[in-house]
Structure formats: structure tokens, C-alpha cells
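# Overview (structure and organization)
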Amino acid sequence: MLCSNLIQVLGKKEKIDSKNFIISSGSDELIELIMKAYANPSDKILSVSPTFGMISFLAQVNGIKNLAVSQKLVKKESFAKYVLNEDQFLEEALRSKIIFIARPNNPDGSVVSESFIERLVSLPVLVVIDEAYIEFSDSQSLAKWVPNYENLVVLRTFSKAYGLGGLRVGYGIMPDEIRKVIVSIKQPYNVNIAGQKAAFAALSSPLVDQRITEMKKIREWFINQLIIVQNQYKNFWIHQSEACYVLLTFESPEIPKTLYEYLYSKGILVRYYSSSDMINNLRISIGLQENMVKVIDEIKLFLKGGN
Ligand SMILES: Cc1ncc(COP(=O)(O)O)c(C=O)c1O
């Protein structure tokens, strides 16, 4: 029920007391349980925009207001990045019950600075750092900060770097007081034995680190190729990513839509966004080197065709 074996191994790996861990049915489950436990319908939770869609979805289904502070899109040479007005966010944080920050962020793979998180956790608000993609990043996990704060929760998952998304195993690292509250409202049997065993095995597999190293190299290669294409066509910008995908922002919404359809017809599935704030973007996941060569070749063919 508490997945004690898995918790023991995770505790050793992270060098954090096992009483700070909770295993969940994916990290999504913990996002929802934290909202249920710590926010009432009259409360507001705070996030940024764009970010992981489940934050707004879970807030909505639980009748909680989600204020997503819009980040400004800044373009410079081949690159684009979302920039958060940190002071505005900190001000809103004072009027919020829970803050959710994905670090690295989905969809752009950006990582907010440690100094900004330090300012957030000094406020009287619960801060949840979602580290679903941290293994792909050169930034340090903030899990080791948990023992020093009463209001910091770090979420991790076996769905991304460990490739076990379909088995639904996530975990949270949090103060014991918060853990007890979450355990008291959590379904006890929804992390199944298959998922626990797979997670346990994955933690001791050298393949995981090997794949992460390969993925980072392929990501760098892919971004360099994109820069070459960008210099020729100049109708899109590349987001520097610390996750396992790269977000592209195009100059108009027609290009990502037709490029998405074109790539789909070639058997390449990328993430298309229909929401108005993301309509100019496409997110491309990093796959095997030979797959990414095909992706770049097809993007070039598409752009050469005059789109
Ligand atoms: C930022 C972020 N957090 C959490 C999750 C959910 O992961 P899990 O499969 O552990 O529920 C995702 C999945 O896409 C994600 O992008």
C-alpha cells in the first residue's frame, strides 16, 4: 500500500529520509491530491502560462481558481523564450494558496532559477515544484531542499526519463506533515505491483543514464540543425530546452498547422496546440538519432515547398 521497498531505494538514492516520500499513481495524482487537501473553492492557485495543461484542468474539475500568469515571448536571433515577470508573480503568490511550477517547464523546457524559487518558498504559501523532466536537465533537483522548508513539495515521475508512463508511477518528496495529510486522502491501492516492480528495476538499470546522455546529445544536434534551417527561412524561433522536447514558435499560426499535418502524413507525430495562446507553436519530442534526421529532412522539404 505504501510501496515501502520503492521508497527505501528512492530515499537512499536522493539521500533524503524515507518518511518524506509518497508514491502515487503518476505525479498527476499528487497534483490533484495537493489541490484537494490545500485549496478550497474560494482559494486561488498560481501557475504560469504556458505550462503543463493538467494544472488548469485539475483546478477546474476541483472547482478551484487557477491564475496562470502570462509569460512574455521574447525573440532574439534564432531563439525565442518565455520570460516571467517575477515581481508580478511574487505579488500574486501572496494572494494564492498553492503555487505550481514545472521545472523544466512543459511545453518549452525552460528552467526557472533557484534564486526565484528561494524567494517563493520564503513566502507563506505552499510551493510545488514539478520535476517530471529534471533528469534531462543540467540543473539540480530541488528535492534536497525539502528537509529545510515546511512549504516545499517536489514531484517526480517514472513516466519520462524512465519511460514507464503507461504503468503510472510517480512520487512526491515533501515535509512529513504534508505527507500525512496526502496519505490520509489518497486511494491506498492504485499503484499496482507491476508498476512498483518496473520502477524498482528501472532505478538500478544503467540503461536509463545511458539513454538520458544520448537524448541530450541528440537534442543538441537537433537544435543545431534547427538553427541552420532557421537562418535560411527565418519564419520560426527555437526554444532552448532542458527537457526531452523542443518547442518552436512560428511567425504565423498557419505554418505550425500545415507543418503538423505534413509531418503526420509522413508518420511523424508532433504536438500541435489549438489554444489561442499556443497556436503559433509546435513541440517536437526528441527520439532516436535516425528519427530526428528524418524530422529535420521533412521540415526542410516542407519549408522549401514555400510554406
Ligand atoms: C510537467 C509535467 N508534470 C507531470 C506530468 C505527468 O506525469 P505522470 O505520468 O507522472 O502523471 C507531465 C506529463 O506530461 C508533465 O508534462
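Now for a quick tour of the structure. Model, not experiment: these values are computed from the prediction. (Residues numbered from 1 in each chain as written. Predicted model: local features only at pLDDT ≥ 70, side-chain atom pairs only at ≥ 80, totals over all residues. Heavy atoms only, no water.)

This part is about the sheet that holds strand β1 (residues 21–24). The strands making up a sheet associate through backbone hydrogen bonding, with each pair oriented either parallel or antiparallel. Taking strand neighbours across the sheet as the criterion, the 7 strands line up as β1-β9-β8-β7-β6-β2-β3 in an open arrangement whose pairing is mixed. Sheet topology places β1 and β3 (65–70) at the edges, where each strand pairs with a single neighbour. The mean angle between the axes of side-by-side strands here comes to 20°, regardless of whether they run parallel or antiparallel. As paired strands, strand β8 (residues 152–157) and strand β9 (residues 170–173) are joined by 4 bridges and run antiparallel to one another. Bridging from a neighbouring strand, Thr 157 pairs with Gly 170 of β9. With respect to the sheet, helix α1 (residues 4–14) is in contact with β1, β8 and β9, its orientation differing from that of β1 by roughly 130°. The strands touched by helix α6 (residues 176–185) within the sheet are β1, β7 (126–130) and β8, with β1 carrying the most contacts at an inclination of about 30°. (Pairing = 2+ DSSP bridges. Helix = DSSP H or I, 4+ residues; strand = E, 2+ residues; numbered from the N terminus. Axes fitted to C-alpha atoms, helices over the stretch in contact; angles between N-to-C directions. Contact = heavy atoms within 4.5 Å.)

Neighbouring the ligand are 13 residues; Ser 27, Asp 130, Thr 157, Ser 159 and Arg 168 lie closest to it. The backbone of Asp 28 places a nitrogen or oxygen atom 3.0 Å from an oxygen atom of the ligand. One of the side-chain N or O atoms of Tyr 133 is found 2.8 Å from an oxygen atom in the ligand. Summarising the interface, the protein chains cover 91% of the accessible area of the ligand, which totals 400 Å² for the free molecule. Here the element with the most residues in the shell around the ligand is helix α2 (residues 26–38); it accounts for 3 residues. Split by residue class, the shell around the ligand holds 4 nonpolar, 5 polar and 4 charged. (Near = heavy atom within 4 Å. Polar contact = N/O pair within 3.5 Å; in protein donor to acceptor, adjacent residues only side chain to side chain. Areas by Shrake-Rupley, 256 points an atom, 1.4 Å probe, with all protein chains shown as cover. Nonpolar A, V, L, I, M, F, W, Y, C, P; charged D, E, K, R; others polar.)

Across all of its chains, the model carries 17 salt bridges by this definition. In this structure, the salt-bridge partner of Lys 44 is Glu 92, at a minimum N-O distance of 3.0 Å. On the criterion of sequence distance, the pair formed by Lys 44 in strand β2 (residues 44–49) and Glu 92 in helix α4 (residues 86–93) is long-range, its members being 48 residues apart. Here the two residues Lys 44 and Glu 92 agree in accessibility, since each one is buried. Measuring nitrogen to oxygen at the nearest pair gives 3.1 Å for the salt bridge that ties Glu 261 to Lys 257. Of the two residues, Glu 261 and Lys 257 both sit in helix α9 (residues 254–265), 4 residues apart, roughly one turn of that helix. For Glu 261, a relative accessible area of 40% corresponds to the partly exposed category. According to the relative accessible area criterion, Lys 257 is partly exposed, its value standing at 39%. (Salt bridge = Lys/Arg side-chain N within 4 Å of Asp/Glu carboxyl O. Buried < 20%, exposed > 50% of the residue type's maximum accessible area, 1.4 Å probe, protein only.)

Before going further, it helps to spend a moment on the packing of aromatic side chains. Applying the stated criterion across every chain, the model contains 10 aromatic pairs. Judged by centre distance (4.9 Å) and plane angle (55°), the rings of Phe 158 and Tyr 162 are tilted. Each of the two residues, Phe 158 as well as Tyr 162, counts as buried. The rings of Phe 21, Phe 158, Tyr 162 and Tyr 171 are connected pair by pair, giving a single aromatic cluster. Lying across the ring of Trp 237, Lys 75 places its NZ or CZ 4.2 Å from the centre. Its end group placed over the ring of Tyr 245, Arg 283 keeps NZ or CZ at 5.0 Å from the ring centre. (Phe/Tyr/Trp six-rings, centres within 6.5 Å; stacked < 30°, edge-to-face > 60°. Lys NZ or Arg CZ within 6 Å of the ring centre and 35° of its normal.)

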